[in-house]
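Now for the letters of each chain:
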Amino acid sequence: MRIVPIDTRSPSIHAIRDAADVLRQGGLVAFPTETVYGLGANALDPVAVERIYKAKGRPAYNPLIVHVVNRQAADRVVASWSDAAERLAKAFWPGPLTLVLPKRPIVPDGVTAGLPTVAVRVPAHPVAHALLAAADLPIAAPSANRSMMLSPTTGAHVAKSLGAEVDLLLDGGPTPVGIESTVIDLTREQPTLLRPGMISMARLEKVIGGPVVTVSAGASSGAPRPSPGMLERHYAPRARLVLAPHDQTRGLIVEMAAAGRRVGGLLIGPAPAHGVIVQQMPASADEYASRLFDALHQLDDAGVDIIVAEQVPDGPEWAGVRDRLERASR
Ligand code: TXA
Ligand code: MG
């Protein structure tokens with residue numbers, strides 16, 4: 001993998017053209033978005049898209065998100081827009097929101113796992129924007145990590161997780177939002193939240209002017225089926241992760257350390273004892289999300305076998321973070 005450092009505030013046109021050439025030739029480029037790093041390929045080239053699945057070890061039933069430079073470019077892959085879709089795109093693009101919409105035939109089955117729909121978003125990161133503009137292509141890009149592992153929020157995370165299958169990594173440093181985009185499906189009877197992120201349900205409902213429903217894990221017959229690949233253990237560190245209520249976290253850590261376990265803590269607030277490896281997390285949801293994956297990468301790198309994570313507050317602004325912690329603990 002060639003690693004090219006790139007200045008996020010003013011991306012070198014040289015590096016961007018280089019990366020765009022790699023994409024046009026059917027190669028794989030890892031690049032920063034405002035959420036996490038993506039592993040990109042030309043979304044209209046089935047052979048290139050197949051390479052993404054191979055590089056990640058991703059199961060073929062789990063479809064990819066297609067990134068486009070703006071709302072107009074989304075028309076290359078989207079067949080039709082509902083009123084709600086138009087409103088959401090207008091309100092939140094560019095930004096960390098993915099819309100699931102009816103797809104055009106030009107989108108290969110490999111991108112959508114054979115579904116009649118396509119997940120599409122316009123990223124807000126200057127490097128992603130410049131790359132999409134220079135390549136003049138829709139870019140299919142899942143998170144740039146091995147399947148089921150932690151998502152990457154720095155270039156170093158990508159380099160650690162993926163290898164020679166990736167042609168080029170544009171390393172633009174840490175990504176600001178830190179967890180993956182909110183995904184909403186607009187092809188069902190009611191707008192359906194498939195993955196919570198930093199754009200909350202309440203903000204989506206306000207823009208749509210009506211309710212958004214969620215898919216539940218125990219969906220019975222008749223309930224909307226969850227998106228493929230969305231209910232699995234995911235975003236997982238190598239170490240086992242245990243979620244504990246605030247008042248039990250510190251006691252649990254001390255107990256496990258005393259029992260000789262290599263334990264790490266993911267805490268909002270102070271560490272329970274000296275000598276315990278702790279990632280101290282911010283008390284605001286935005287800042288916590290921005291730090292989450294790097295903190296988990298660091299605990300893994302420190303070689304702990306168990307991570308005790310303090311449960312985060314109940315508020316709606318924490319929904320994305322809660323989801324990632326719950327999945328990591330499965
Ligand atoms: O923030 C993000 O969304 C990042 C950056 C790179 O843009 N990308 C990302 O991709 O998180 P990935 O592949 O890790 O997650 C894509 C999710 C999958 O869980 C998949 O199930 C869902 O989007 N998805 C993709 N196409 C879909 C479709 N047609 N219908 C329903 N869900 C879909
Ligand atoms: Mg992912």
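Before reading on, note that the structure itself is shown above.
Procedures and definitions
Per chain, residue numbering runs from 1 following the sequence as it is written. Whichever chain is written first is A, and whichever ligand is written first is 1; the rest continue in order. Residues qualify for local features only when their pLDDT is at least 70, as the model is predicted, and side-chain atom pairs are given and counted only at 80 or more; totals for whole chains, interfaces and linings, by contrast, use all residues. By convention in this description, side-chain values take in all heavy atoms of the structure and omit both hydrogens and water. Secondary structure elements are defined from DSSP: runs of H or I of at least 4 residues count as helices, runs of E of at least 2 residues count as strands, and each element is numbered from the N terminus. Each residue's exposure class comes from its accessible area (1.4 Å probe, protein chains only) as a fraction of the maximum for that residue type: buried when under 20%, exposed when over 50%, partly exposed otherwise. Contact between two residues is taken to exist if any of their heavy atoms lie within 4.5 Å; hydrogens are not considered. Only strands that DSSP links by at least two bridges are regarded as paired with each other. A pairing counts as a salt bridge when a side-chain nitrogen of Lys or Arg comes within 4 Å of a carboxyl oxygen of Asp or Glu.

Draft legend 1. Highlighting unusual backbone geometry. In this chain, Trp-93 is followed by Pro-94 through a cis amide linkage whose omega measures -5°. Within the secondary structure, Pro-94 sits in the loop between α4 (83–92) and β5 (97–102). At Ala-113, a residue that is not glycine, the phi angle is positive and equals roughly 55°. For Ala-113, the position within the fold is in the loop between α5 (109–112) and β6 (117–121).

Draft legend 2. Highlighting the side chain of Gln-279. Here Gln-279 is to be found in strand β14 (residues 277–280). Overall, the relative accessible area of 12% leaves Gln-279 in the buried class. Setting aside chain neighbours within four positions, we find Gln-279 in contact with Gly-265, Leu-266, Leu-267, Arg-291, Ala-295, Gln-298 and Leu-299.

Draft legend 3. Expanded view of the pairing of strand β3 (residues 37–42). Counting buried residues along β3, six of its six residues qualify, which places the element largely inside the surrounding structure. Counting the residues in the hairpin turn of strand β2 (residues 29–32) and β3 gives four residues. One ladder, built from two bridges, connects β3 with strand β7 (residues 139–140); its direction is antiparallel. Paired with Asn-42 across the strands is Ile-139, a residue of β7.

Draft legend 4. Fine view of the pattern of salt bridges. Inspection of every chain in the model, using the stated rule, returns 17 salt bridges. For Arg-24, the salt bridge is made with Asp-21, and the minimal N-O distance between the two is 2.9 Å. With a gap of three residues between them, Arg-24 and Asp-21 both fall in helix α1 (residues 13–24), about one helical turn apart. Residue Arg-24 is classed as partly exposed on the basis of its relative accessible area of 44%. Overall, the relative accessible area of 34% leaves Asp-21 in the partly exposed class.

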